[in-house]
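Residue-level structure breakdown
Given next are the chains, with one letter for each unit.
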Amino acid sequence: MANHHNHQHHGNSHQSKENHQGHAPENHDHKHEGHDHGHMIAEFKKRFYVSLVVTLPILVFSPMIQSFLGYEFSFPGIGYVLFILATFIFFYGGKPFLIGSFDELKQKNPGMMTLIALAITVAYIYSSLTVFGLSGTNFFWELATLIDIMLLGHWIEMRSVMGASNALEELVKMIPSKAHLIDENGEIIEVKIEKLTHKDKVLVKPGEKIPVDGTIVKGVSSVNESMLTGESVPVEKIIDDEVIAGSINGEGSLTISVEKTGEDSYLSQVVKMVKEAQESKSKTQDLSNRAAKLLFYIALIAGFTTLIIWLSMGSPITYALERMVTVMVIACPHALGLAAPLVVARSTALAAKQGLLIRNRANFEEARNIQTIVFDKTGTLTEGQFGVTEIIVEEGYDEKDVLQVAASLEAQSEHPIAKGIVEEAKTQKLAFIEPHQFESLTGRGLRGTVTDKEILIVSPGYVKEKQIKYQSEKFEQLSEQGKTVVFIMINNQLAGMIALADKIRESAKSAITRLKEMNIQSMMLTGDNSKAAQWVAELLNLDQVFAEVLPHEKADKIKEIKDKGLKIAMTGDGVNDAPAL
């Protein structure tokens with residue numbers, strides 16, 4: 001038997017049955033998300049380099065550049081060569097901007113793409129006309145350099161934000177791709193998840209990820225669902241209990257009857273919600289895009305005003321047209337196209353060094369207006385690891401002795417509660433004694449012999465079942481705070497109880513104090529039981545608490561808070577927080 005063990009936890013076990021209602025995995029659709037983004041970056045990079053190479057002869061052959069630099073270089077048909085090269089750049093390098101402007105105009109929201117498209121189209125059409133008979137100078141070099149700079153800017157910008165778009169792939173990785181199917185003859189065959197159907201029987205070995213949403217038909221184990229539900233304690237699972245795909249099986253073997261696979265499973269629903277959240281566009285846009293929208297209208301008005309004024313002053317149409325094109329091209333700022341992405345790339349890099357990955361910069365800019373921050377509990381405000389909070393001993397027993405024998409026995413186990421007790425003994429610099437005997441009582445606790453004393457570390461359920469007298473008032477008080485309590489028995493005598501709770505992060509206290517100074521409210525949203533949540537909230541002086549919120553309900557809670565007209569931010573670390581985030 002594996003050396004984990006189980007402590008049933010008072011006040012938490014009721015959740016195991018109700019944590020899995022909102023459902024509905026399949027990972028094929030999402031595997032190419034990051035790949036597509038990477039492909040787009042490669043596409044911009046390629047367009048930039050190809051356009052840059054074609055721009056060089058355009059610069060060399062352009063009459064305006066020649067007069068700037070004071071050299072002469074001409075041959076018959078030079079205008080046509082410029083036209084051919086510029087046409088290639090206009091359609092190849094300018095393609096993303098022309099398509100982008102079409103999309104912007106379709107949404108009646110001109111921005112950077114429309115501004116660039118206006119400048120390059122006006123420059124291209126006018127310059128082409130000068131090649132085929134219109135008197136005036138061409139703007140092919142302006143057109144080419146503008147496209148190069150904009151391609152470079154977009155490539156830099158996309159590359160800098162790539163890092164944060166891989167969240168979906170990480171989620172998908174949590175679902176195992178294969179399962180151990182038990183066929184009609186009782187044989188175990190490894191099959192792909194897609195091959196499973198409703199009511200198939202699947203074996204999950206100790207330590208493995210559970211591949212499907214289903215019901216246990218055989219076996220007892222503790223299952224770690226913290227990544228999915230935020231519940232900090234591994235949940236005891238017995239026959240007829242439900243399990244979720246992606247959670248991790250503890251020390252026992254489980255046979256599971258398949259309830260939901262593919263798109264219906266719980267984790268796939270989370271993946272779907274995250275995908276929808278990623279695709280929904282922010283209402284606010286980049287500052288540069290807002291500036292581009294304004295500049296687009298300014299360019300149009302200034303261009304046509306220029307044309308009308310020159311014509312009204314009696315200038316020839318060709319002269320007035322040239323002035324109009326000049327104004328329109330100049331109104332499209334090369335600098336804005338490059339400066340904004342460079343600022344983005346630089347700020348994203350600086351933020352990443354501080355551990356910040358920014359997926360949506362517009363929202364990040366809005367952060368200065370935040371009024372409320374909603375925190376997840378497990379792993380965010382707390383460390384997600386158990387720590388000993390109290391040791392209560394019976395008369396005639398010493399606190400250190402009780403901790404020492406308990407830790408010596410618990411050192412043989414991998415259970416999170418065991419680790420908490422062992423850590424406490426290490427902190428108090430207590431020596432560990434090698435047990436002569438050790439066994440795990442599934443669903444009960446541990447039994448072993450330490451220095452010729454028989455030691456039992458058991459759950460509250462065991463103590464009540466055996467009708468052993470204990471300090472019930474003290475126990476109730478600890479349970480009220482959402483703490484997990486285990487009982488230590490030495491030679492069949494109750495020696496004491498040890499209370500454990502998820503340790504609160506030191507940095508959480510200072511962060512919430514700072515937020516209060518900034519007049520920002522702090523709220524907590526957790527899947528954990530209300531007693532544990534309340535205890536944390538009091539210690540941290542939080543403004544509001546929402547407990548026992550199932551993962552799919554977290555996003556609804558966020559909407560609810562938003563509907564009150566508050567600007568909110570959310571912070572969390574688990575997959576269960578993903579839709580809300």
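Residues numbered from 1 in each chain as written. Predicted model: local features only at pLDDT ≥ 70, side-chain atom pairs only at ≥ 80, totals over all residues. Heavy atoms only, no water.

**Quick notes on the pattern of salt bridges**
Evaluation of the coordinates by the stated rule reveals eleven salt bridges. Through salt bridges that share partners, Glu 439, Arg 447 and Glu 454 make up one connected network. (Salt bridge = Lys/Arg side-chain N within 4 Å of Asp/Glu carboxyl O.)

**Observations regarding the nonpolar core**
Counting residues in each nonpolar core, the largest one holds 44 residues, and the members touching the most others are Ile 58, Ile 116, Ile 120, Phe 140, Leu 143 and Cys 332. Of all the elements in the fold, those that place two or more residues in this core are α2 (33-61), α4 (78-93), α6 (112-131), α7 (140-161), α11 (287-312) and α12 (317-331). Broken down by element, the residue count for this core peaks at twelve residues, all from α6. Contact partners of Phe 140, with chain neighbours within four places excluded, come to Ile 58, Leu 82, Phe 83, Ala 86, Tyr 124, Ser 127, Ser 128 and Val 131. The next biggest cluster of nonpolar side chains, apart from the first, holds 24 residues, and it includes Ile 421, Ala 425, Ile 457 and Leu 500. (Core = buried A, V, L, I, M, F, W, Y, C linked by side-chain atoms within 4.5 Å. Buried < 20%, exposed > 50% of the residue type's maximum accessible area, 1.4 Å probe, protein only. Helix = DSSP H or I, 4+ residues; strand = E, 2+ residues; numbered from the N terminus. Contact = heavy atoms within 4.5 Å.)

**So, α6**
Helical geometry: 3.6 residues make up each α-helical turn, so side chains three or four residues apart lie on a common side. Here α6 contains 20 residues, and its C-alpha end-to-end distance of 29 Å stays within 8% of the 28 Å for a straight helix at 1.5 Å per residue. Burial within α6 is extensive, with 17 of its 20 residues counted as buried. In the segment just after α6, Gly 133 is the residue with positive phi, at about 115 degrees. (Expected span 1.5 Å × (residues − 1).)

**Thoughts on the UniProt feature "transmembrane region" (unreviewed entry) in the chain**
Cross-referencing UniProt, the feature "transmembrane region" (unreviewed entry) maps to residues 48-69, 75-94, 115-133, 139-156, 294-313 and 325-345 in the present numbering. Structurally, residues 48-69 is divided into 95% helix and 0% strand, and its ends, taken at the C-alpha atoms, are 25 Å apart. End-to-end, the C-alpha atoms of residues 294-313 are 28 Å apart, and along that stretch the chain is 95% helix and 0% strand. (UniProt positions renumbered as here; feature names shortened; annotations may be inferred.)

**Structural notes on helix α16 (residues 399-410)**
The terminal C-alpha atoms of α16, which comprises twelve residues, lie 16 Å apart, in line with the 16 Å expected from a rise of 1.5 Å per residue. Of all the residues in α16, the buried ones are Val 402, Leu 403, Val 405, Ala 406, Ala 407, Ser 408, Leu 409 and Glu 410. At the N-terminal end of α16, a side-chain oxygen is found 3.1 Å from the backbone nitrogen of Lys 400, two or three residues along, and the residue is Asp 398. (Polar contact = N/O pair within 3.5 Å; in protein donor to acceptor, adjacent residues only side chain to side chain.)

**Brief notes about the sheet that holds strand β4 (residues 213-218)**
Judged by pairing direction, the sheet is antiparallel, and its six strands sit side by side in the order β2-β1-β3-β9-β4-β7 without closing on themselves. Two strands in the sheet have a free side with no partner beyond their single neighbour: β2 (188-192) and β7 (242-243). Pairing geometry for strand β1 (residues 178-182) and β2, over five bridges, is antiparallel. Directly across from Leu 181, in β2, lies its bridge partner Ile 189. (Pairing = 2+ DSSP bridges.)

**Focus: the environment of Met 150**
Positionally, Met 150 belongs in helix α7. Under the relative-accessibility criterion, Met 150 is labelled buried at 1%. Between the C-alpha atom of Met 150 and that of Phe 48, which follows or precedes it by 102 residues, the distance is 8.7 Å.

**As for the packing of aromatic side chains**
Scanning the entire structure with this criterion turns up 20 aromatic pairs. Ring geometry for Tyr 80 against Phe 132: centres 5.8 Å apart, planes inclined by 55 degrees, an arrangement best described as tilted. Taken together, the positions of Tyr 80 in helix α4 and Phe 132 in the loop between α6 and α7 put the pair 52 residues apart, joining distant regions of the chain. Residue class for Tyr 80 comes out partly exposed when judged on its relative accessible area of 45%. Ring centres of Phe 83 and Tyr 124 lie 6.3 Å apart, and the angle between their planes is 15 degrees; this geometry places the pair in the stacked category. Taken together, the residues span a long stretch of sequence, with Phe 83 in helix α4 and Tyr 124 in helix α6 at a distance of 41 residues. Relative accessible area serves as the criterion here: at 10%, Tyr 124 is assigned to the buried category. Here the aromatic cluster, defined as three or more aromatic residues joined through ring pairs, consists of Tyr 80, Phe 83, Phe 90, Phe 91, Tyr 124 and Phe 132. The lysine or arginine in question, Arg 323, covers the ring of Tyr 319, its NZ or CZ lying 4.0 Å from the ring centre. (Phe/Tyr/Trp six-rings, centres within 6.5 Å; stacked < 30°, edge-to-face > 60°. Lys NZ or Arg CZ within 6 Å of the ring centre and 35° of its normal.)

**Structural notes on the packing of α4 against helix α5 (residues 95-106)**
Contact geometry for α4 and α5: axes closest at 4 Å, N-to-C directions at 50 degrees. For the element pair α4 / α5, the angle class is oblique. Where α4 abuts α5, its residues Phe 90, Phe 91, Tyr 92 and Gly 93 lie against Lys 95, Pro 96, Phe 97 and Leu 98. Class assignment for the residues of the contact of α4 with α5 results in six nonpolar, one polar and one charged. (Axes fitted to C-alpha atoms, helices over the stretch in contact; angles between N-to-C directions. Parallel < 35°, antiparallel > 145°, perpendicular 65-115°, else oblique. Nonpolar A, V, L, I, M, F, W, Y, C, P; charged D, E, K, R; others polar.)

**Observations regarding the side chain of Glu 225**
Topologically, Glu 225 is positioned in the loop between β5 (221-224) and α9 (226-229). We classify Glu 225 as buried; its relative accessible area is 1%.

**Some details on the confidence of the model for the chain**
Across the chain, the average pLDDT comes to 81, with 83% of residues at or above 70. Within the chain, no element has a lower average pLDDT than helix α1 (residues 15-18), which sits at 37, and none a higher one than strand β3 (residues 201-204), at 94. Note on residues 1-34: pLDDT under 50 across the span, and 122 contacts to partners over four residues away in sequence or across chains. Every residue in residues 280-285 is under pLDDT 50, and counting partners more than four places away or in other chains gives ten contacts. (pLDDT = per-residue confidence, 0-100.)

**A word on unusual backbone geometry**
Negative phi values dominate among residues other than glycine, just as trans dominates among peptide bonds. One non-glycine residue, Asp 240, lies in positive phi territory at about 80 degrees. One can find Asp 240 in the loop between β6 (235-237) and β7. Its relative accessible area of 58% is what places Asp 240 among the exposed residues.

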